[in-house]
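# Structural overview
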Amino acid sequence: MDKHARIYVAGHRGLVGSAIVRGLEGKGYSNLIKRTHAELDLTDANATEAFFAQYQPEYVFLAAAKVGGIVANNTYPADFIRDNLAIQNSVIHSAWKHGVKRLLFLGSSCIYPKHAPQPMHEHHFLTGSLEATNRAYALAKIAGVEMCWSYNRQYGTRFLAAMPTNLYGPGDNYHLQNSHVIPALIRKFHEAKQAGHAAVSVWGTGTPRREFLYSEDMADACIFLLNLPEEKFNSLLGSDESATGVFDPPLVNIGIGVDISIQELAELVKKVVGYQGAIEFDSSKPDGTMRKLMDVSKLNSLGWTYSIELDDGLEKTYSEFLTK
């Protein structure tokens, strides 16, 4: 990408989008296009098309999405599938219509089957049933991958889908009911420390294993992917399976390839926050998928690996939380 190219970051205020913006600005990109939800409702196809017609972005990072943890996904499934499908439909179609050179669609590791082999490789996509608590969100993201694939096949677009593992970092959502596990734990332990509570309750048994990627690393990987040389980028765009017989979606996992248990994570967050009390696991609450580890061999083979270890990332994240 040329340093002066018109780059649209959809969802620039969220955890993912804000990290991408910081990453682009840090690398000297000077022509970033950003719109808040109040300025542009991406679920409105006509408004989105008019925006693309006016600003003609050359590159798009599609990080806009309705996101949340187990509670939010399980409580509002209709909202999650409706809003995410609408956003993807609007942006991907407008990107094709107005000649975007490259688009990166940001999905989630929940697209993979509930019982996928571990670690989860890109070829495990569409091979089994999904985790029930976030199936609506997962199906929306699966549809986004298929849209990129279909537009590439039919129109010759160059749209790629990236599936990050669980993310955390600056700009996260710390709502106790609607957030993901790391921000929820940070807030729980911090508030327990402030109030002098003897114990903190954590959902589930603590045995599920999860992989966590710092948002700045995720952004660096996304920028790396959209900057790949033509031959390497084209090799990621998938094949027409109906013609080749090869199942090859335009899909790249982003992660670190290492996971830890929720119990180990809770102990780490407890240490970072400086909480002195006990941790109690509430086994009456759902665990979700027991393990979700990404196979990142494809991304590593292209020349990218993560740089920020979990303990360092948690320290940075908690420091940012304290400024809120």
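The coordinates are above.
Residues numbered from 1 in each chain as written. Predicted model: local features only at pLDDT ≥ 70, side-chain atom pairs only at ≥ 80, totals over all residues. Heavy atoms only, no water.

### Here we look at empty space enclosed by the protein
Scanning the model with the defined rule gives 1 cavity of 30 Å³ or more in all. The space that makes up the largest cavity amounts to roughly 60 Å³. What lines the largest cavity is simply Ser109, Cys110, Tyr112, Pro113, Lys114, Met120, Glu131, Asn134, Thr289 and Lys292. By residue class, the composition of the lining of the largest cavity is 4 nonpolar, 3 polar and 3 charged. (1 Å grid on protein atoms, 1.4 Å probe; cavity = no way out; pocket = protein on both sides within 12 Å on 5 of 7 lines; lining within 4 Å. Points joined across faces, edges and corners; volume = space filled by probe spheres on them. Nonpolar A, V, L, I, M, F, W, Y, C, P; charged D, E, K, R; others polar.)

### Some remarks on the pairing of strand 7 (residues 199-203)
With burial as the criterion, only one face of strand 7 is covered, namely that bearing Val200 and Val202; the residues Ala199, Ser201 and Trp203 on the opposite face remain uncovered. Bridge count between strand 7 and strand 12 (residues 278-282): 5 bridges; the pairing is parallel. Bridge assignment links Val200 to a residue of strand 12, and that residue is Ile279. (Buried < 20%, exposed > 50% of the residue type's maximum accessible area, 1.4 Å probe, protein only. Helix = DSSP H or I, 4+ residues; strand = E, 2+ residues; numbered from the N terminus. Pairing = 2+ DSSP bridges.)

### So, the sheet that holds strand 13 (residues 291-292)
Strand order across the open sheet formed by 3 strands is 11-8-13, with mixed pairing between neighbours. The open sheet is flanked by strand 11 (260-261) and strand 13, the only strands paired with a single partner. Relative to strand 13, strand 8 (residues 209-210) runs parallel, the two being bridged by 2 bridges. Within the sheet, the bridge partner assigned to Arg209 lies in strand 13 and is Arg291.

### Some thoughts on a negative patch on the surface
Taken together, the side chains of Glu309, Asp311, Asp312 and Glu315 define an acidic patch exposed on the protein surface. Among the structural elements, Asp312 can be located in helix 12 (residues 310-322). (Patch = residues over 30% accessible without salt bridge, like charges linked within 9 Å, V, L, I, M, F, W, Y side chains within 5 Å. Areas by Shrake-Rupley, 256 points an atom, 1.4 Å probe, with all protein chains shown as cover. Salt bridge = Lys/Arg side-chain N within 4 Å of Asp/Glu carboxyl O. Lys, Arg positive; Asp, Glu negative; His and termini not counted. Charge placed at Lys NZ, Arg CZ, Asp CG, Glu CD.)

### Details of the packing of helix 1 (residues 15-26) against helix 7 (residues 215-226)
Between helix 1 and helix 7, the least distance of the axes is 8 Å, while the angle of their chain directions is 65°. Judged by the sense of rotation from one axis to the other, the crossing of helix 1 with helix 7 is right-handed. On the side of helix 1, the interface is formed by Leu15, Val16, Ala19, Ile20, Arg22, Gly23 and Leu24, while helix 7 contributes Ser215, Glu216, Met218, Ala219, Cys222 and Ile223. Split into classes, the residues belonging to the contact of helix 1 with helix 7 amount to 9 nonpolar, 2 polar and 2 charged. (Axes fitted to C-alpha atoms, helices over the stretch in contact; angles between N-to-C directions. Left-handed = near helix turned anticlockwise from the far one by under 90°. Contact = heavy atoms within 4.5 Å.)

### Thoughts on the side chain of Lys292
By the element assignment, Lys292 lies in strand 13. In this structure Lys292 is buried but unpaired, with Glu131 as the nearest side chain of opposite charge at 8.3 Å. One polar contact links Lys292 to Ser109, side chain to side chain, over a distance of 3.5 Å. With near-sequence residues (within four places) excluded, Lys292 lies in contact with Ser109, Cys110, Gln118, Met120, Arg209, Arg210 and Glu211. (Polar contact = N/O pair within 3.5 Å; in protein donor to acceptor, adjacent residues only side chain to side chain.)

### So, the sheet that holds strand 3 (residues 59-62)
One open sheet holds the 6 strands; their spatial order is 2-1-3-4-5-10, and the pairing between them is parallel. Each edge of the sheet is formed by a strand with only one pairing partner; in this case those strands are strand 2 (32-33) and strand 10 (251-254). Both strand 4 (residues 102-106) and strand 5 (residues 159-164) contribute to a ladder of 4 bridges, which runs parallel. Counted as the bridge partner of Leu104 is Leu160 from strand 5. Sheet strands touched by helix 4 (residues 77-97): strand 3, strand 4 and strand 5. Its angle to strand 3, the strand with the most contacts, is close to 170°.

### Looking at the state of the cysteines
Counting across every chain of the model gives 0 disulfides. Counting only cysteine sulfurs, Cys148 is the nearest neighbor of Cys110, a cysteine outside any disulfide, at a range of 15 Å. A relative accessible area of 6% places Cys110 in the buried class. Here Cys222 is not disulfide-linked; the sulfur of Cys148 is the nearest cysteine sulfur, at 13 Å. (Disulfide = S-S within 2.5 Å.)

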